[in-house]
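# Analysis of the macromolecular model
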Amino acid sequence: LEPGLANFVLRSRAFGCVTEAATMAAMLTVGRFFVRGVYDEEEFKQVTDEFRDHQSDFFTLLAIWDGYRESHYSREWCEAHYLHPSWMHGVRTIRAHTLLVLRRLGIEWSSSRDRTNLGKAILASFKWNVLVFHRGYRYRGMGSQRFNVVLSPDSSLRERLPQYVVSYRLRRTTRLLAECNQEI
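Throughout what follows, the structure given in this document is the object of discussion. Along each chain, residues carry numbers from 1 onward, in the same order as the chain's sequence is written. This being a predicted model, a pLDDT of at least 70 is required before a residue's local features are given, and a value of 80 or more before pairs of side-chain atoms are given or counted; all residues contribute to the totals for chains, interfaces and linings. Processing note: side-chain calculations cover all non-hydrogen atoms of the structure and skip hydrogens and water entirely.

### Considerations on the pattern of salt bridges
Only one rule defines a salt bridge in this text: a Lys or Arg side-chain nitrogen within 4 Å of an Asp or Glu carboxyl oxygen. Taken as a whole and judged by the stated rule, the model has 9 salt bridges. For Arg52, the salt bridge is made with Asp49, and the minimal N-O distance between the two is 3.8 Å. The cut-offs for exposure are 20% and 50% of the maximum accessible area for each residue type, with area from a 1.4 Å probe on protein chains only; residues under the lower value are buried, those over the upper are exposed, and the others partly exposed. With a relative accessible area of 30%, Asp49 lands in the partly exposed category. Linking Arg169 and Glu179 is a salt bridge whose minimum nitrogen-to-oxygen distance equals 2.9 Å.

### Some details on the packing of helix 1 (residues 3-11) against helix 2 (residues 18-30)
Closest axis-to-axis distance for the helix 1/helix 2 pair is 8 Å, and the angle between their directions is 165°. The angle between helix 1 and helix 2 falls in the class roughly antiparallel. Read as a crossing pair, helix 1 and helix 2 show a hand that is right-handed. Across the interface between the two elements, Leu5, Phe8 and Val9 of helix 1 pack against Val18, Ala21, Ala22, Met24, Ala25, Leu28 and Thr29 of helix 2. Residues are sorted three ways: Asp, Glu, Lys and Arg are charged, Ala, Val, Leu, Ile, Met, Phe, Trp, Tyr, Cys and Pro are nonpolar, and all the rest, Gly among them, are polar. For the contact of helix 1 with helix 2, the class distribution of residues is 9 nonpolar, 1 polar and no charged. Every axis in this analysis is a line fitted to C-alpha atoms, fitted for helices over the stretch in contact. Angles between the N-to-C directions lie between 0 and 180 degrees. In this description a helix means any DSSP run of H or I spanning at least four residues, a strand means any run of E spanning at least two, and both kinds are numbered starting from the N terminus. Oblique is the label for every angle not falling under 35 degrees (roughly parallel), over 145 degrees (roughly antiparallel), or within 65 to 115 degrees (roughly perpendicular). Crossing handedness follows the turn of the near helix against the far one: under a right angle anticlockwise gives a left-handed crossing, and clockwise gives a right-handed one. Contacts were defined at the residue level, with two residues in contact if any of their heavy atoms lie within 4.5 Å.

### What about the state of the cysteines?
By disulfide we mean two sulfur atoms from cysteines, separated by a distance within 2.5 Å. Using the criterion set out here, one finds 0 disulfides in the structure. Distance from the sulfur of Cys17, which forms no disulfide, to the nearest cysteine sulfur (Cys180) is 14 Å. For Cys17, a relative accessible area of 1% gives the class buried. Cys180 provides the cysteine sulfur closest to Cys78, a residue in no disulfide bond, and the two sulfurs are 19 Å apart.

This is the structure:
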C-alpha cells in the first residue's frame, strides 16, 4: 500500500474498522473498476447505480466488494456488473496480503460498518484533503491550500455537491480532480 493508505488502515484501529479500511485501501490501490465500452449507457448506469452510495465514494467501494465477495469472487458476476475481473482479483489479493501483514504485526482485525466510525477514520486519515464548496462545481482547499478543485466525474457526490467533503486524493489532469470523496 502507498503510505497514505497504510496510514488509513492503521488509523482505522482507533475506530474499530480495520477490515473495512483494508478493503477500501485495496480498492483504492487498484483504482478503477467499472469498464466502459460499447455498452448501452442506460444499462451501464442502472447496473453501476446498484453500488453507488450518495454520501460516500468510500462506501461505494465497500458495496462493490460486498457484491464481489457474495458472488464467491465470480468472474461472470464481474462481467455482468461491468467490473474488470482481473482488477477485482487484484483487490482480493492486496486485501488478503494487507490483512496478513497486520496479523503478523499483532494488529487485531476489528470490523464495523458504522458510518460514523468509518467516516471518522476517513477524515482522520485524509484530513489534508478537506474541501469546502466554493461556487459552480468548484471546491477550495481548507487553510492555506486555496486551490480550485472539482469532484471526479466518477464521484457519487458530484450530483449533490455537499458543502464539505474529504477526498482520498487530488489529481491534476487539465484541472485538479478530487478522487474518492466522503461528505463530512
